[in-house]
Amino acid sequence: MIKSNNNLNSKIFDASDISKPWDKDNQAWWDWYVTLADNNDKKQKIINANPLPNIAIPNDDEVLSELNEPYDLTNDQIKFFKKNGFIKLKKVFSPGTVLKLRAKLISLLKYHFKVDPDKEANDRFLSLEMIWLNNSLLRAYVLSPRLGQISANLLEVPAVRLYHDNVLAKQSGCGRTPWHFDDHHFPLDTNDVVTAWVPAQPTPIEMGPLSFAYPLDVHKLVNSVSFEKTGTRYDREITNIFSKNKVSINETPFELGEVSFHHNLSFHTASRNRTNLSRVVLANTYYRDGARVVNSPTMVSGDWQKFMPNVNPGDIAASPLNPICWPV
Ligand SMILES: O=C(O)CCC(=O)C(=O)O
Ligand SMILES: [Fe+2]
């Protein structure tokens, strides 16, 4: 009798059990992940985004030289990042270099998903990763010494490696990205991790720019909220706790060429895309050279071994797919 009760109990679904590895691809991961977002704004109308500016597009050599140029950070900017866990920097890239990136990403998305993400929206969050392996120009954007140098300087570490790149196309009508911090996602045993989030078009509020709760240590307010792999309770609870505690949230537009950098303990979210264009972003994650993989990655890390083949839990995270991006 006791035995059969145990059997019964072991079959009860436990929404907080995330111990099993993710066994699908990373697109399936995003399709799942966005179901965890609370969307109570469904009735808002889709509006037309401004058309993309009609400007000269630089040639490949001009783009390469821009991606290689250093970016001077002030001590105040580094202090701001340390305190707040994110920073938004203008003029990281020229408008033409960003629009060239967008055209490349759109053609890649068309190829993989067989839809034009700006025209045939089906409210989806489309994702591609490891694009740097197959295209030399996109490799330059992902392994950009400029992004690597900013990342290393913000983290104040001597060298950074690439964890992965990620094309994140939030289509017209696609709902919120749930509140989270990336420490929950990345199976890296370090807090020296930063993501450069590069929007590939001007990104007004209506398009759902990445938004950050600050200062960095607001994650302590929500550390005890247990994550659940189904439903929107986790996301709603974070919203409630932040609102009760009057936590500041930076939700501001991105101009063309502006890039945000966020730390793996920074809590962030993004609103629904209420425009008619896809919100296309290249998000590259970099971490301190020498860091290890955690001992027990979870399903929330997705198919992380795609990003570091033959690296096992506990190992130093330094596969050939994790090149040092700074110094070069
Ligand atoms: O683009 C989004 O909406 C989410 C991206 C994100 O969470 C990240 O890059 O860490
Ligand atoms: Fe994130």
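Residues numbered from 1 in each chain as written. Chains lettered and ligands numbered in written order. Predicted model: local features only at pLDDT ≥ 70, side-chain atom pairs only at ≥ 80, totals over all residues. Heavy atoms only, no water.

## Examining the site of ligand 1
And step 1. Looking at ligand 1, there are 13 residues lining it, with Thr177, His180, Asp182, His262 and Arg279 nearest.
And step 2. One nitrogen or oxygen atom from the side chain of Trp197 is found 3.1 Å from an oxygen atom belonging to ligand 1.
And step 3. Relative to its unbound accessible area of 290 Å², ligand 1 is 95% covered by the protein chains.
And step 4. The cavity where ligand 1 resides is the largest cavity.
And step 5. Listed by contribution, the elements that provide at least two residues to the shell around ligand 1 are strand S4 (177-180), strand S5 (193-199), strand S9 (268-270) and strand S10 (279-288). (Near = heavy atom within 4 Å. Polar contact = N/O pair within 3.5 Å; in protein donor to acceptor, adjacent residues only side chain to side chain. Areas by Shrake-Rupley, 256 points an atom, 1.4 Å probe, with all protein chains shown as cover. 1 Å grid on protein atoms, 1.4 Å probe; cavity = no way out; pocket = protein on both sides within 12 Å on 5 of 7 lines; lining within 4 Å. Sits in = over half its atoms within 2 Å of the grid points. Helix = DSSP H or I, 4+ residues; strand = E, 2+ residues; numbered from the N terminus.)

## A closer look at the coordination of the iron ion (ligand 2)
And step 1. Within the protein, the atoms that donate to the iron ion (ligand 2) are His180 (NE2), Asp182 (OD) and His268 (NE2), at distances of 2.1 to 2.2 Å.
And step 2. Spacing between the donor residues of the iron ion (ligand 2) along their common chain follows H-x1-D-x85-H. (Donors = N, O, S within 2.8 Å, 3.2 Å for Na, K, Ca; no water.)

## Comments concerning the pattern of salt bridges
And step 1. Considering all chains together, one arrives at 14 salt bridges under this definition.
And step 2. A salt bridge links Glu129 to Lys306; the shortest N-O distance between them is 2.6 Å. Residue Glu129 is found in strand S2 (residues 125-129), and its partner Lys306 is found in the loop between S10 and strand S11 (324-326); the two are separated by 177 residues along the sequence.
And step 3. Given the relative accessible area of 12%, Glu129 is considered buried.
And step 4. When its relative accessible area of 35% is taken as the criterion, Lys306 is described as partly exposed.
And step 5. Note that Arg233 is salt-bridged to Glu228, the shortest N-O span being 2.9 Å.
And step 6. When salt bridges that share partners are traced, they join Lys90, Glu255 and Glu258 into one network. (Salt bridge = Lys/Arg side-chain N within 4 Å of Asp/Glu carboxyl O. Buried < 20%, exposed > 50% of the residue type's maximum accessible area, 1.4 Å probe, protein only.)

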